[in-house]
Amino acid sequence: MNERILIIEDDEAIVKVLERTLKYEGYQVDSAYDGESGLETARENKPDLVILDWMLPGMDGLEVCERLRSRGSQPILMLTAKDTTENRVQGLDAGADDYMVKPFELDELLARIRALLRRTQPERAPVLSFADLSLDTSTRQAMRKTRVINLTAKEYDLLELFLRHPRQVLTREVIFDRVWGYDFGGESNVLDVYIRYLRQKLELEGESRLIHTVRGVGYVLRELP
């Protein structure tokens, strides 16, 4: 974890507690004691999340919030002593993503921070795996243990289909439909050719066979008994 959190808060005691807690949790932390310096710090080091006090000297938290929001989409968590519905609405309308009333529990603050960061981070594409074979769908890289396997586009599509349906017999018709997008017909040997290419790459260094033929039906990804 190395997300950067910017604290904009004029109470030095609160800042010290937050800095110590957040750094202990593994975050990078920047701090500012007023709105102007907070905006300047945000310009210099773009934060992944901002903890923003409402009552700041000079420019108040609402204005800081509006200016931060006009520049980017980082989550903003407002801290305030104001606890009326009207105040909450004001804060949210200014662009805050969440709102905590002082005094607050640190555990709850950390939970809110984690939730806000999760919401804004793109979901990582999964790594599909079976036995000692893995396929990273974000980089499109296949590996057999630590050996990298270079795949063509169609080989990748074929392997991904098998890895998404392990131990499930896939008929030739289903494979043609999912990988090529239409039915080649029963006489086509294109699938058999690609299966052969894929097996050669997966078994290049004598590794065990994982893609098996089910005669008269299709293929299945499974380990040998």
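Given the structure is predicted, the values throughout are model-derived calculations rather than measurements.

Enquirer: Looking at this model, I keep getting lost on the overall build of the protein. Mind explaining?
Expert: Regarding its fold elements, the protein presents 8 helices and 12 strands. Principal axes of the C-alpha set define a box for the protein whose edges measure 80 × 35 × 30 Å. Here the protein contributes 32 positive and 40 negative side-chain charges, whose respective centroids are spaced 9 Å apart.

Enquirer: For this particular structure, what's the right way to read the pattern of salt bridges?
Expert: Proximity of charged atoms lets side chains of opposite charge pair with each other. Evaluation of the coordinates by the stated rule reveals 16 salt bridges. Note that Asp30 is salt-bridged to Arg4, the shortest N-O span being 2.7 Å. Residue Asp30 is found in strand 2 (residues 28-32), and its partner Arg4 is found in strand 1 (residues 4-8); the two are separated by 26 residues along the sequence. Taken as a pair, Asp30 and Arg4 share a single burial class, namely buried.

Enquirer: Looking at this structure, how should I read the nonpolar core?
Expert: Buried together is how nonpolar side chains tend to be arranged in soluble globular proteins. Residues Leu158, Leu159, Phe162, Leu163, Ile175, Leu191 and Ile211 are the most contacted members of the largest nonpolar core, which totals 25 residues. Of all elements in the fold, only strand 6 (127-130), strand 7 (133-136), helix 6 (153-164), helix 7 (172-180), helix 8 (190-202) and strand 12 (218-221) reach the threshold of two or more residues within this core. Here this core takes 6 residues from helix 6, the largest share from any one element. Ignoring any residue separated from it by four or fewer positions in sequence, one finds Leu158 in contact with Ile175, Val179, Leu191, Tyr194, Ile195 and Leu198.

Enquirer: Help me understand the packing of helix 6 against helix 7, please; the structure alone is not making it clear to me.
Expert: A pair of packed helices can be characterised by two numbers: the angle between their axes and the separation between those axes. Between helix 6 and helix 7, the least distance of the axes is 10 Å, while the angle of their chain directions is 125 degrees. With respect to helix 7, the axis of helix 6 lies oblique. Crossing geometry of helix 6 relative to helix 7 is assigned as right-handed. Here Lys154, Asp157, Leu158, Leu161 and Phe162 of helix 6 lie close against helix 7, whose contacting residues are Ile175, Arg178, Val179 and Trp180. Among the residues making up the contact of helix 6 with helix 7, the classes are represented as 6 nonpolar, no polar and 3 charged.

Rules used throughout
Residues numbered from 1 in each chain as written. Predicted model: local features only at pLDDT ≥ 70, side-chain atom pairs only at ≥ 80, totals over all residues. Heavy atoms only, no water. Helix = DSSP H or I, 4+ residues; strand = E, 2+ residues; numbered from the N terminus. Lys, Arg positive; Asp, Glu negative; His and termini not counted. Charge placed at Lys NZ, Arg CZ, Asp CG, Glu CD. Salt bridge = Lys/Arg side-chain N within 4 Å of Asp/Glu carboxyl O. Buried < 20%, exposed > 50% of the residue type's maximum accessible area, 1.4 Å probe, protein only. Core = buried A, V, L, I, M, F, W, Y, C linked by side-chain atoms within 4.5 Å. Contact = heavy atoms within 4.5 Å. Axes fitted to C-alpha atoms, helices over the stretch in contact; angles between N-to-C directions. Parallel < 35°, antiparallel > 145°, perpendicular 65-115°, else oblique. Left-handed = near helix turned anticlockwise from the far one by under 90°. Nonpolar A, V, L, I, M, F, W, Y, C, P; charged D, E, K, R; others polar.

Any link to function would need more than the numbers given here.
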